[in-house]
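For reference, the chains in residue letters:
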Amino acid sequence: MNSVIDITDLSVKEIDSLINTAMDMHQNPEKYSSVCKGKKLAAMFFEPSTRTRLSFEAAMLELGGSVLSVHSSATSSASKGESINDTSKVVSCYADIMAMRHPLEGAPAVAAVSASIPVINAGDGGHCHPTQTLTDLCTIKSEKGVINGLTVGFCGDLKYGRTVHSLISALARYENVRVVLISPDELKIPEYVKEGPLKNMEFSETDNLEKALPELDVLYMTRVQQERFADREQYERLRDVYILDTEKLKSAKEDMIILHPLPRVNEISVGVDADKRACYFKQVMWGKYMRMALIMLLLSGEHKGADLLEGASVTQKNCPNSRCISHTEQELPVYSKNGRCVWCDEELN
Ligand code: CP
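Residues numbered from 1 in each chain as written. Predicted model: local features only at pLDDT ≥ 70, side-chain atom pairs only at ≥ 80, totals over all residues.

Student: Help me get a handle on the overall build of the protein chain, residues and values and all.
Tutor: For the protein chain, the count of helices and strands is 11 helices and 12 strands. Since a compact globule built from 349 residues should have a radius of gyration of about 20 Å, the 19 Å found for the protein chain is in line with a globular shape. Burial status across the protein chain gives 47% buried among its 349 residues. Restricting to contacts in the protein chain with at least 6 residues of sequence separation, those with at least 24 account for 75%. (Helix = DSSP H or I, 4+ residues; strand = E, 2+ residues; numbered from the N terminus. Rg over C-alpha atoms; globule rule 2.2 N^0.38 Å. Buried ≥ 20, exposed ≤ 12 C-beta atoms within 10 Å, placed from the backbone. Contact = placed C-beta atoms within 7 Å.)

Here's what the structure looks like:
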């Protein structure tokens, strides 16, 4: 599969090479200004985005290519009921590579199986966001010089925060990375992350940000994801649970870095922006270069990932995850791999 749906579709060697390429692109942009001349990126965004869509589009333009865009379900034939399968076959006739964001978990995976061009998951529901992870890793490498051996704290909405799930998956493949999970009970990390990547890592859980702060090398703040809550009252109760401000930062290491995938609501006070440890706007900048590096890799044909359905078998069970694409896509079988839904990773009980 020449697509990237989950961060584990890329080897650590490939990720490290993408980071080196992104850093070179930052230093020598002219070297890369026509490597995608004549190629088209389809930016298929069925859910709102500022950074991911614009950075994909900017990335392709800076590589000398062109961009076709869908900005919402409402302005595409998805609003008439067209399936992801059909949409992906159609887009394959127009573009050379596709980036897809979708509110349903597993939608980009379905696209990757149907399309004849590489598909990049640009965020699917509360599931994964692999290109944000590439951005995060590049920022960590650029600021700290290493990824191995760091203590990384994740704070906020660890249940629905897809960027958290993807970054933990990536960090699990580096050496001696320790994770501190900071969240209220209601927003704890999903079981599939605990049973998966966290199984091979040293990690702890707490609801106390102040207590966790002094031991961290990286603090990854997240927004409470309003759009994923079925219960509005629960969202209102949890939305302000962690607010990082300059006072709290006094107990953090001088060389700790603060990351946030953005958009921010109020979980980092604006006063923190002036602190030298605040790296979330640098993170945005690296997002464009990492997406340039990824587009270049996938269009080169040198990336050969495993087939998504390899080792999976069709099951008659329904996926218990109500946000899984299998509930809406016509005649889409549920595939089971290691007891989990191949589209959204939910346990099939
Ligand atoms: N970080 C991120 O995915 O931002 P957008 O939702 O604006 O793309």
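Student: Quick rundown of the sheet that holds strand 2 (residues 66–70)? Include the residues and the values.
Tutor: Reading across from one edge, 2-1-3-4 is the order of the four strands in this open sheet, with parallel pairing throughout. Sheet topology places strand 2 and strand 4 (119–124) at the edges, where each strand pairs with a single neighbour. Averaged over all adjacent pairs, the angle separating strand axes in this sheet is 15 degrees, with direction ignored. In terms of strand pairing, strand 3 (residues 97–102) meets strand 4 through four bridges, oriented parallel. Bridge pairing in strand 4 links Met98 to Val119. (Pairing = 2+ DSSP bridges. Axes fitted to C-alpha atoms, helices over the stretch in contact; angles between N-to-C directions.)

Student: Now, about the domain arrangement of the protein chain: what can you tell me, with residues and values included?
Tutor: For interface size, the figure often reported is the accessible area lost on association. Taken domain by domain, the protein chain holds domain 1 (7–129 + 287–300) and domain 2 (130–285). On the domain 2 side, the residues contacting the 23 residues of domain 1 number 24 residues. Where the side of domain 1 that touches domain 2 is concerned, the elements lending two or more residues are helix 1 (12–27), helix 2 (51–62), strand 4 and helix 11 (280–300). (Domains from an automatic or database assignment.)

Student: Outline the environment of Val119, supporting the account with residue identities and numerical values.
Tutor: With respect to the helices, strands and loops of the structure, Val119 is situated in strand 4. A residue is classified by how many C-beta atoms lie within 10 Å of it, and Val119, with 28 of them, is buried. Taking the C-alpha atoms as reference points, Val119 and Ser49, 70 residues apart in sequence, are found 18 Å from one another. What Val119 contacts, discounting residues up to four positions off in sequence, is Ser3, Met98, Met100, Pro108, Ala111 and Ala112.

Student: Run through the packing of helix 5 (residues 130–144) against helix 6 (residues 162–171), naming residues and quoting values.
Tutor: Running from N to C, helix 5 and helix 6 point in directions that differ by 60 degrees, and their axes come no closer than 8 Å. On the basis of their axis angle, the class for helix 5 and helix 6 is oblique. In this structure, the crossing between helix 5 and helix 6 has a hand that is right-handed. Facing Pro130, Gln132, Thr133, Asp136 and Leu137 of helix 5, the residues of helix 6 in contact are Thr163, Ser166, Leu167 and Ala170. (Parallel < 35°, antiparallel > 145°, perpendicular 65-115°, else oblique. Left-handed = near helix turned anticlockwise from the far one by under 90°.)

Student: Tell me about the site of the ligand, and please be specific about residues and values.
Tutor: In the vicinity of the ligand, the contacting residues are Ser49, Thr50, Arg51, Thr52, Gly123, Gln132, Pro261, Leu262 and Pro263. Across the shell around the ligand, the residue classes tally to three nonpolar, five polar and one charged. No fewer than three residues from each of domain 1 (7–129 + 287–300) and domain 2 (130–285) sit in the shell around the ligand. (Near = placed C-beta within 6 Å. Nonpolar A, V, L, I, M, F, W, Y, C, P; charged D, E, K, R; others polar.)

Student: Can you explain the nonpolar core? Please cite residues and give values.
Tutor: Judged by nonpolar contacts, the single largest core of 105 residues is most densely connected at Ala22, Met44, Met98, Val179, Tyr220 and Ile295. Sort the elements by how many residues they give to this core and helix 11 lands first, with 10 residues. Both domains that furnish three or more residues to this core are identified here as domain 1 (7–129 + 287–300) and domain 2 (130–285). Excluding anything up to four places from it in sequence, Met98 contacts Ala42, Met44, Val91, Ala111, Ala115, Ile117 and Val119. (Core = buried A, V, L, I, M, F, W, Y, C linked by C-beta atoms within 7 Å.)

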